[in-house]
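Breakdown of the fold
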Amino acid sequence: MAAFIEVRTTVEGHEKAAVLAHEILGADLATSIDIDEVPGSPAGTSAWRLTLITTDAHAPAMEALLRAAGHTGPVESRPVTYDVDSYPDWMPGHP
């Protein structure tokens, strides 16, 4: 079984976030993508956080795709861990 990695990054503008999500899904680099607006963005701008779930093997290709698309912000990665009930820590309603 492949190890899963949670990847997070923030981009400016919902259009750019949507384009990146579409490219990542089209390249089959993520099993799940969550896009949400970052609260407290300065007036006139909006920042959007992408949280993606991918395999350990696909994480480098995903970061390369982000960089090739011109993304220069930080990209955080961490292993998805499981609790004793086998719920991923990112799953809504996780006990």
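Preceding this paragraph is the structure being described.
For clarity, every value in this text was computed on a predicted model and none was experimentally measured.

1. Regarding helix α1 (residues 14-26)
- The end-to-end C-alpha separation of α1 is 18 Å, in line with the 18 Å expected for 13 residues at 1.5 Å each.
- Every buried residue of α1 is listed here: A17, L20, A21 and I24. Looking straight down α1, one finds that the buried residues subtend no more than 100° of arc, so they occupy a single side. Exposed side of α1, more than 90 degrees from the buried face: E15, H22 and G26 are the residues found there.
- Structurally, α1 contributes buried residues whose contacts are with β1 (4-12), β2 (32-37), β3 (47-55) and α2 (59-68).
- D28 sits one or two positions beyond α1 and adopts a positive phi of about 55°.

2. Structural notes on the environment of D56
- Relative to the elements of secondary structure, D56 occurs in the loop between β3 and α2.
- Judged by relative accessible area, D56 falls into the partly exposed class, the value being 47%.
- It is 5.5 Å that separates the C-alpha atoms of D56 and A3, two residues lying 53 residues apart in sequence.
- Once you skip the residues sitting within four places of it in the chain, D56 turns out to touch A3 and I5.

3. Notes on the pattern of salt bridges
- According to the stated counting rule, one finds four salt bridges in the structure shown.
- Here E6 ties to R8 by a salt bridge, and the two come within 3.1 Å at their closest N and O atoms.
- Measuring nitrogen to oxygen at the nearest pair gives 3.0 Å for the salt bridge that ties D36 to R49. Of this pair, D36 sits in strand β2 while R49 is found in strand β3, placing the two residues 13 residues apart along the sequence.
- Residue D36 is classed as partly exposed on the basis of its relative accessible area, which comes to 24%.
- Among the residues examined, R49 registers a relative accessible area of 26% and is labelled partly exposed.
- Through salt bridges with shared partners, a single ionic network connects E6, R8 and R78.

About the criteria used
- Residues numbered from 1 in each chain as written.
- Predicted model: local features only at pLDDT ≥ 70, side-chain atom pairs only at ≥ 80, totals over all residues.
- Heavy atoms only, no water.
- Helix = DSSP H or I, 4+ residues; strand = E, 2+ residues; numbered from the N terminus.
- Expected span 1.5 Å × (residues − 1).
- Buried < 20%, exposed > 50% of the residue type's maximum accessible area, 1.4 Å probe, protein only.
- Arc of directions from axis to C-beta.
- Contact = heavy atoms within 4.5 Å.
- Salt bridge = Lys/Arg side-chain N within 4 Å of Asp/Glu carboxyl O.

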